Amino acid sequence: LRLHPDDHRAVADVLASNWLTMGPRTQAFEAAFAAGLDAQAPPFAFAVSNCTVALHMAYVALGVGPGDEVIVPSLTFVATANAALYTGATVVLADVTSPDDLTLSVDDVLAKITPRTRAVAPVHYAGQPCDMRRLVPECKRRGIAVVEDVAHAPLADALVDDGHPRALGTIGDLGCFSFFSNKNMTTGEGGMVTTRDPALADKLRLLRSHGMTTLTLDRHRGHAYSYD
């Protein structure tokens, strides 16, 4: 990992501002990242402490819980599965497509779906998109949510039904990103969860802040005076 001098200056600017927690720079990052995914219609984007949190929030926002099943690829970082286990759901492993295509096999997903399947988590492994053109319609027909694990592929895209490319993380119901130090782009630690669904966005916003609707920055700016 080689950090650019601009990265050093950006950290110094934060320290000099005396505002170290979620605030204006976090909001600017969320807006820029969302615009990077779709400049014309940016999705909702919420910065979080890591991708595990993003995945956990995504599953919880969907209402995943005990008695539900979440299908994840057998080849992924363990957080994809662990975050589902945090909700009390059962993890079901599906195979990858082939030795030459290490993304989730849609055929095996279809073979593993049961009446208890609540969500499928395709992992865009090593920057390669899963077959979203086929997976999303199959899940939509069955009322199953798609939670994209985009830890390996920020700002990459894939073709969808209309034949046009769309950014990974904006094709399923929710997208989860990692900014860990070994990823394509890094904040040291960090993650992001995205969605186009306003109802899911409202749930994510509250989940991130323990249900609070006014934050420390609001009080600092004089927009709120009482503790929520």
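It should be emphasised that the depicted structure is a prediction, and the values quoted were computed from it without experimental measurement.

Across all of its chains, the model carries four aromatic pairs by this definition. Connected via pairs of aromatic rings, a cluster forms that spans Phe29, Phe33, Phe177 and Phe179.

Moving on to a nonpolar patch on the surface. A cluster of nonpolar side chains, Val11, Leu15 and Leu20, forms an exposed patch at the surface whose accessible area comes to about 320 Å². Note that Leu15 resides in helix α1 (residues 5-17). Its relative accessible area of 54% is what places Leu15 among the exposed residues.

One open sheet holds the seven strands; their spatial order is β1-β11-β10-β7-β6-β2-β3, and the pairing between them is mixed. In the strand order of this sheet, the two ends are held by β1 (44-48) and β3 (90-94), each with one partner. Recorded for the sheet is a direction-independent mean angle of 25° between the axes of neighbouring strands. Along the sheet face, helix α3 (residues 51-61) touches β1, β2 (69-73), β7 (145-149), β10 (174-178) and β11 (191-195) and points at about 165° away from the line of β10. Its contacts with the sheet place helix α6 (residues 132-142) against β6 (117-120) and β7, and it is angled at close to 150° to β7.

The next point concerns the side chain of Thr117. Residue position: Thr117 is located in strand β6. A polar contact of 2.9 Å, which involves the side chain of Thr117, links it to the backbone nitrogen of Thr114. Excluding its chain neighbours within four sequence positions, the residues that come into contact with Thr117 are Glu69, Ile71, Lys112 and Ile144.

Axis angle and axis distance: for two packed helices, these are the angle between their axes and the distance between the axes, and together they describe the pair. One way to put it is that α3 packs onto helix α7 (residues 198-208) with a least axis distance of 9 Å and a crossing angle of 125°. What the angle tells us is that α3 and α7 run oblique. For the pair α3 and α7, the sense of crossing is right-handed. Between α3, through Met57, Ala58, Val60 and Ala61, and α7, the contact on the second element is made entirely by Leu200, Lys203, Leu204, Leu207 and Arg208. A class-by-class count of the residues in the contact of α3 with α7 yields seven nonpolar, no polar and two charged.

Moving on to the packing of α3 against helix α4 (residues 79-86). Viewed as axis vectors pointing N to C, α3 and α4 meet at an angle of 45°, and their least axial separation amounts to 8 Å. By the angle between their axes, α3 is oblique relative to α4. As α3 packs across α4, the resulting crossing turns out to be right-handed. Listed contacts from α4 to Thr52, Leu55, His56 and Tyr59 of α3 are Ala79, Thr80, Ala83, Ala84 and Tyr86. When the residues that make up the contact of α3 with α4 are grouped by side-chain class, the tally is six nonpolar, three polar and no charged.

Side-chain positions along a regular strand alternate between the two faces of the sheet. In the sheet, β2 pairs with β3 via five bridges, with the strands oriented parallel. For Ile71, the partnering residue across the bridge sits in β3 and is Val92. Since β2 and β3 lie parallel, the crossover through α4 that links them has a hand, and here it is right-handed.

Further remarks concern the environment of Lys112. Among the secondary structure elements, Lys112 is positioned in helix α5 (residues 106-112). Its relative accessible area of 28% is what places Lys112 among the partly exposed residues. Measuring from C-alpha to C-alpha, the distance between Lys112 and Ile71 comes to 7.7 Å, with 41 residues separating the pair along the chain. In this view, Lys112 contacts Ile71, Val92, Leu93, Ala94 and Thr117; residues no more than four positions away in its chain are not counted. At a separation of 2.9 Å, a polar atom in the side chain of Lys112 contacts the main-chain carbonyl oxygen of Leu93.

Along α6, the residues classified as buried are Met132, Leu135, Val136, Glu138 and Cys139. Along the axis of α6, the buried positions cluster into a sector of 165°, meaning they face one direction only. Turned more than 90 degrees from where α6 packs its buried face, Lys140 and Arg141 sit exposed. On its buried face, α6 is in contact with α5, β6 and β7.

Reading the values: the criteria
- Numbering of residues starts from 1 in each chain and follows the order in which that chain's sequence is written.
- Reporting in this predicted model follows two pLDDT cut-offs: at least 70 for local features of residues, and 80 or more for side-chain atom pairs to be given and counted; totals over whole chains, interfaces and linings ignore these cut-offs and use all residues.
- Side-chain metrics in this entry use all non-hydrogen atoms of the structure; hydrogen atoms and water are not considered.
- Pairing of aromatic rings covers Phe, Tyr and the six-membered ring of Trp, with a centre-to-centre limit of 6.5 Å; geometry is then stacked below 30 degrees between planes, edge-to-face above 60, and tilted otherwise.
- Each patch is built from residues that are more than 30% exposed by relative accessible area and take part in no salt bridge. Like charges join if they lie within 9 Å; nonpolar side chains (Val, Leu, Ile, Met, Phe, Trp, Tyr) join within 5 Å.
- Per-residue and other accessible areas were derived by the Shrake-Rupley procedure at a 1.4 Å probe size, with only the shown protein chains allowed to occlude residues.
- Just to be clear on terms, a salt bridge is a Lys or Arg side-chain nitrogen sitting within 4 Å of an Asp or Glu carboxyl oxygen.
- Secondary structure elements are taken from DSSP: a helix is a run of H or I of four residues or more, a strand is a run of E of two residues or more, and numbering for both begins at the N terminus.
- Between buried and exposed lies partly exposed: a residue is buried under 20% and exposed over 50% of the maximum accessible area for its type, with that area taken using a 1.4 Å probe on protein chains only.
- A pair of strands is considered paired only if DSSP assigns at least 2 bridges between the two.
- Helix axes are fitted to C-alpha atoms over the stretch in contact, other axes to C-alpha atoms as well, and angles between N-to-C directions run from 0 to 180 degrees.
- Two residues qualify as a contact provided that any one of their heavy atoms is within 4.5 Å of a heavy atom in the partner residue.
- A 3.5 Å cut-off defines polar contacts: any pair of N or O atoms within that distance qualifies, except that in protein one atom must be a possible hydrogen donor and the other a possible acceptor, and neighbouring residues in sequence count only when both atoms are side-chain atoms.
- Small angles under 35 degrees read as roughly parallel and large ones over 145 as roughly antiparallel, with 65 to 115 read as roughly perpendicular and the rest as oblique.
- Should the near helix be turned anticlockwise from the far one by less than a right angle, the crossing is left-handed, and should it be turned clockwise, the crossing is right-handed.
- Throughout, the ten residues Ala, Val, Leu, Ile, Met, Phe, Trp, Tyr, Cys and Pro are labelled nonpolar, Asp, Glu, Lys and Arg are labelled charged, and all others, Gly among them, are labelled polar.
- A clockwise course of the path from the first strand over the helix to the second, judged with the strands pointing away from the viewer, identifies a crossover as right-handed.
- Here the arc refers to the set of directions running from the helix axis out to each C-beta atom.

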